[in-house]
Amino acid sequence: GDVRQQIGDLYASGMDEKRIAKLGATPLQPWLSKIDSIQNIDDLFEALPSLQQDGVSAFFGVIVEANPNDSSTSIALMVQDGMGLPDKEYYLKTDDESVELRHKYNRHIQNMLILVGQSEASAAADAATVLRLETALATASFGAMDFRNPQNFSNVKSFAEAQAMMPNIPLKDWCDAMGIQPKVLNMLAPDYWPTVDKLLTSEPVKNWKAYLRWHLISGSAFALSPEFVKEDFDFNSRIMNGVKEMQ
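The present account deals with the structure reproduced in this document. Residue numbers run consecutively from 1 along every chain, following the written order of its sequence. Per-residue local features are limited, in this predicted model, to residues with pLDDT of at least 70; the limit for side-chain atom pairs, both in listing and counting, is 80 or more; totals at the level of whole chains, interfaces and linings are taken over all residues. As a rule here, side-chain values cover all heavy atoms of the structure and leave hydrogens and water aside.

## Overview of the packing of helix H6 (residues 96–115) against helix H13 (residues 226–241)
It is the contact of H6 with H13, at a shortest axis distance of 10 Å, that shows an interaxial angle of 170°. When the axis of H6 is compared with that of H13, the two are roughly antiparallel. Facing Leu-101, Lys-104, Tyr-105, His-108, Asn-111, Met-112 and Leu-115 of H6, the residues of H13 in contact are Glu-227, Phe-228, Glu-231, Asp-232, Phe-235, Asn-236, Ile-239 and Met-240. To get an axis, fit a line to the C-alpha atoms, keeping to the stretch in contact for a helix; angles then go from 0 to 180 degrees between the N-to-C directions. Here a strand is any run of E in DSSP of at least two residues, a helix any run of H or I of at least four, and the numbering for each starts at the N terminus. Angle categories are assigned with fixed cut-offs, so that under 35 degrees is roughly parallel, over 145 is roughly antiparallel, 65 to 115 is roughly perpendicular, and the rest are oblique. Residue contacts are counted whenever heavy atoms from the two residues lie within 4.5 Å of one another.

What follows is the structure, encoded as structure tokens:
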């Protein structure tokens, strides 16, 4: 149909609560199948751009901003991504409250994975893997204090220099798939890129499949059936922000 019909159909589908409840995790199946089909690191790199374009938060992303060295021009800004907690300190602090919060986050990941059909044992193993991988990413990422320093917002590199920061990641193929052909890149958090590069090529692919599966579910939960919405609210709103009831 025309655009008006498409908008109407989209609105109607979002308001059909009975159908949404009945579908459960079924709307995720095309993306879950894509993740399940990944057999090696080349498959992962091939699948990654389309997953990211469909809203899966993973590893890194790109946005366009003013060039910090020449405000009359724009530049592709490479940013850290794919950590489910708000800041690196949530992963690294060792006080009792922080340890307990990570325990609750682990349980939240397990609950979501169970909702898409994984066994309790499989969900527990994958949740532990996801938390370990996100912690490794967080260790090399910028935290809130880093973002307060204006000098940290300029790390402009030629494309060749950016590729050298993560030599095992096919950066040109990724940029092409994302629809950009930058000559220079602003690489925020300079320690992050070699860390991502090393992790992506040293961890078993099955671990990254668990990571991608989690971020697919986490980013989609708000639009799925009530059990997903409730679990998402329970952690992200109630535990993280103190909201007592869903509106």
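## Quick look at the environment of Trp-31
With respect to the helices and strands, Trp-31 occurs in helix H3 (residues 29–36). Only protein chains enter the area calculation, which uses a 1.4 Å probe; residues under 20% of their type maximum are buried, those over 50% are exposed, and those in between are partly exposed. Trp-31 sits in the partly exposed class, given a relative accessible area of 28%. In the structure, Trp-31 is positioned 185 residues away from Leu-216 in sequence and 7.7 Å away in space, judged by C-alpha atoms.

## Focus: the packing of aromatic side chains
Side-chain rings of Phe, Tyr and Trp (the six-membered ring for Trp) are treated as a pair once their centres are within 6.5 Å; stacked means planes under 30 degrees apart, edge-to-face means over 60, and tilted covers the remaining angles. Going through the model one piece at a time under the given rule, you end up with ten aromatic pairs. Aromatic side chains Phe-60 and Trp-174 sit 5.0 Å apart centroid to centroid with 75° between the ring planes, which places their arrangement in the edge-to-face category. Note that Phe-60 is positioned in strand E1 (residues 60–67) and Trp-174 in helix H10 (residues 171–178), a separation of 114 residues in sequence. With centroids separated by 5.3 Å and ring planes inclined at 90°, the aromatic side chains of Trp-208 and Tyr-211 adopt a geometry described as edge-to-face. Residue Trp-208 and its partner Tyr-211 are located together in helix H12 (residues 205–220), separated by three residues, close to a single helical turn. Of the residues examined, Tyr-211 reaches a relative accessible area of 0% and is grouped as buried. Feature note: the residues Phe-60, Trp-174, Tyr-192 and Trp-193 constitute an aromatic cluster, connected by ring pairs.

Taken by themselves, the reported measurements are silent on function.
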